[in-house]
Amino acid sequence: KQADIAMYQAKNQGENLYQFYVKENEYPATEHVDLYRKLRKALDNNEFVLVYQPQYDIASKEFIGVEALIRWNHPEKGLISPLQFIPFAEEVGLIVPIGKWVLHEACKQWRLWMDHFGRTFKMSVNLSSRQMYEPDLIELMTQILNETGMDPHYLEIEVTESITMNLDRATMLLSKLKGIGVSISIDDFGTGFSSLAYLKNFPIDRIKIDRTFIKDLSNDISDQNIVKTIIALGINLNLKVIAEGVESEEQLTLLNDYGCHEAQGYFLGLPMSADHIAKLI
Ligand code: C2E
Ligand code: MG
Ligand code: MG
Ligand code: MG
C-alpha cells in the first residue's frame, strides 16, 4: 500500500494539474497510510452510500432530477461528509475506484426508479478531474450504462473548472462523453481558475452557479450583479443555468426574477436516501 501511495504521488506530480492540489504535509505520513487503508477497506466492505438531492425548474416548480452525493457510512462514526475524504481520495488516486462505484450505483438507482415509477428525470454525478486521466473512462462509462440499463440522455456529469487546466484533454474527453449521449455541467461555476474561453470550446449543457454567490444573495449587491451576469451569460450561450445552495424563499424569488432556470438547495430539498426520493416522486 505504501508503494501504491508513492506511485500515485509520483504519477500525480507528473501532471501539472495535480501540483495545484497536492498540499504538502496536509496528511502526515502515518495518517496518510491509515486513511488510505481505511478508504480501501470501506470500498471493499461496501461502506459508501449515495444520497440524492432534488433539483427543480424554478418557473414551473417541477422536479427535474437529482444530484448523487457520496457519504461514507462508517461502522463506528456514522455518516462522514465527502469533504472529509474526497480530497484525499483524489490526492492518492483512490477516487478512481470510488468514482467508478459512484457511477455504477447512481445508474443502477436511476434504472430502479424508472422501472418502478415509469418516469424519467436527470441524474447528475460528480466527476473528479483525476478521473479524466483514466484512459478507459469512456469505455467504463459505456459499460456501466449498458450493464445498468441507464439511458445516457438522462445522465449528466458535473465537472469543475479545474478540468480546464488541461484544455486539450478536457475538450477531447467531454466531446467523447457527449458522443455517447451524456450531458455535461460545470459545477461550482465562478470559483475556479479559468478563462471564459472554455465555455466556447467545451460541449457544455448547464452551468451550476456556486453557492458562495447565493449565500448572501438577498443583501449583497455584488452577489446580485454576479448572479445576474452568470445567468445572462448562460442564456446567451444557450446553456441551462442552475443555482446551488438555495436556502430561502427570498433567494429563490430573486433567482426567478433574474431568469435563472433551475435551483437546488436545502430550501427545496436536502440530500436524501433513495427511498425518500421514491416518496417524493
Ligand atoms: P458539490 O458537487 O458542489 O455538491 C453540492 C454540495 O452542497 C453538497 O455537499 C450538498 O449537500 C451541499 N448543499 C446542497 N444544498 C445546500 C444548501 O442549501 N446550503 C448549503 N450550505 N449546502 C448545500 P456534500 O454532499 O457535502 O458534497 C460536497 C462536495 O463533495 C460536492 O460538492 C462534490 O464536490 C464532492 N462530492 C460529493 N459526492 C461526490 C462524488 O460522488 N464524487 C466526487 N468526485 N465528488 C463528490
Ligand atoms: Mg456537484
Ligand atoms: Mg457544486
Ligand atoms: Mg461545491
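Scoring rules and cut-offs
- Position numbers for residues count from 1 along each chain, tracking the sequence in the order it is written.
- Throughout, the order in which chains and ligands are written sets their labels, letters from A for the former and numbers from 1 for the latter.
- The model is predicted, so local features are restricted to residues of pLDDT at least 70 and side-chain atom pairs to those at 80 or more, both for listing and for counting; the totals for chains, interfaces and linings are taken over all residues.
- Heavy atoms throughout the structure, all of them, feed into the side-chain values; hydrogens and water do not.
- In this text, helices come from DSSP runs of H or I with a minimum length of four residues, and strands from runs of E with a minimum of two, each type numbered from the N-terminal end.
- For every residue, the accessible area (1.4 Å probe, protein chains only) is compared with the maximum for its type, and the residue is labelled buried under 20%, exposed over 50%, or partly exposed between those bounds.
- Here, residues are in contact when the closest pair of their heavy atoms is within 4.5 Å.
- Using the Shrake-Rupley algorithm and a 1.4 Å probe, accessible areas are obtained, with residue cover drawn only from the displayed protein chains.
- Take the number of residues in a helix, subtract one, and multiply by 1.5 Å to get its expected span.
- As used here, the arc is the angular range of directions from the helix axis to the C-beta atoms.
- Classification of ring pairs rests on two measures: the distance between centres of Phe, Tyr or Trp rings, Trp counted by its six-membered ring, which must be within 6.5 Å, and the angle between planes, read as stacked under 30 degrees, edge-to-face over 60 and tilted in between.
- Nearness is judged by heavy atoms alone; a residue qualifies as near a molecule or strand once a single heavy atom is within 4 Å of it.
- Pairs of N or O atoms within 3.5 Å make up the polar contacts considered here, provided that, within protein, one atom can donate a hydrogen while the other can accept it, and that residues adjacent in sequence are counted only when both atoms are side-chain atoms.
- Residues are grouped as follows: Ala, Val, Leu, Ile, Met, Phe, Trp, Tyr, Cys and Pro are nonpolar; Asp, Glu, Lys and Arg are charged; all remaining types, including Gly, are polar.
- Two strands make a pair as long as DSSP finds a minimum of two bridges between them.
- For crossovers, right-handed means that the path from the first strand over the helix to the second runs clockwise, given strands pointing away from the viewer.

Peer 1: It is not clear to me how the overall build of the protein should be interpreted in this structure. Could you clarify?
Peer 2: Secondary structure assignment for the protein yields 11 helices and 9 strands. When each of the 281 residues of the protein is scored for burial, the buried share is 49%. Relative to all contacts within the protein whose residues are 6 or more apart in sequence, the contacts with residues 24 or more apart total 68%. Here the protein has roughly 13,800 Å² of accessible surface; of this, 50% comes from carbon and sulfur atoms.

Peer 1: How should I be thinking about helix H6 (residues 137-148) in this particular structure?
Peer 2: Structural remark: α-helix, 3.6 residues per turn; residues separated by three or four positions point the same way. With 12 residues, H6 should cover 16 Å at 1.5 Å per step; its first-to-last C-alpha distance of 16 Å lies within 8% of that length. Of the residues making up H6, those classed as buried are Leu137, Ile138, Leu140, Met141, Ile144, Leu145 and Thr148. The buried residues of H6 occupy an angular sector of 160° when projected down its axis, which confines them to one face. Seen from the buried face of H6, the exposed residues on the opposite side, beyond 90 degrees, are Glu139, Asn146 and Glu147. Looking one or two residues beyond H6, the residue adopting positive phi is Gly149, at roughly 75°.

Peer 1: Got a minute to help me understand the packing of aromatic side chains in this structure?
Peer 2: Centre distance and the angle of the planes are the two values used to describe a pair of aromatic rings. The final tally for this structure, using the stated rule, is 10 aromatic pairs. Ring-pair connections join several aromatic residues into one group, and the members of that group are Tyr52, Tyr56, Phe63, Trp113 and Phe121.

Peer 1: Can you walk me through the site of ligand 1 in this structure?
Peer 2: What surrounds ligand 1 is a group of 24 residues, the closest being Arg71, Asp187, Arg211, Glu247 and Tyr266. A distance of 2.5 Å separates a nitrogen atom of ligand 1 from a polar side-chain atom of Glu247. At 2.8 Å from an oxygen atom of ligand 1 is found a main-chain nitrogen or oxygen belonging to Tyr266. Burial of ligand 1 by the protein amounts to 87% of the accessible area it has alone, namely 800 Å². Contributing elements (two or more residues each) for the shell around ligand 1: strand S2 (63-74), helix H5 (95-117) and strand S6 (183-189). The element contributing the most residues to the shell around ligand 1 is S2, with 4 residues. For the shell around ligand 1, the per-class residue count stands at 10 nonpolar, 6 polar and 8 charged.

Peer 1: Sorry, what's going on with the environment of Thr171 here?
Peer 2: Inspection of the secondary structure puts Thr171 in helix H7 (residues 167-179). Distance in space between the C-alpha atoms of Thr171 and Gln143 is 22 Å, their sequence separation being 28 residues. Among all residues touching Thr171, those that are not within four sequence positions of it are Asn201 and Phe202.

Peer 1: What am I meant to see in the environment of Ile157 here?
Peer 2: Tracing the backbone shows Ile157 in strand S5 (residues 155-160). Here Ile157 falls in the buried class, since its relative accessible area comes to 0%. Sequence separation of Ile157 and Val182 is 25 residues, and the distance between their C-alpha atoms is 7.2 Å. Once residues lying within four places of it in the same chain are set aside, the contact partners of Ile157 are Leu103, Val125, Leu127, Met141, Leu177, Val182, Ser183, Ile184 and Ser185.

Peer 1: Where do I start with the pairing of S5 in this structure?
Peer 2: It is a general feature of regular strands that their side chains alternate between the two faces of the sheet. With 5 of 6 residues buried, S5 lies mostly within the body of the structure. Two strands pair when backbone bridges link them, and strand S4 (residues 122-126) and S5 are joined in this way by 4 bridges, in the parallel orientation. By the bridge assignment for S5, Asn126 is matched with Glu158. Read as a crossover between parallel neighbours, the route from S4 over H6 to S5 is right-handed. Pairing geometry for S5 and S6, over 5 bridges, is parallel. In the sheet register, Thr160 faces S6, and the bridge partner there is Asp187.

In short, geometric facts, not functional conclusions.
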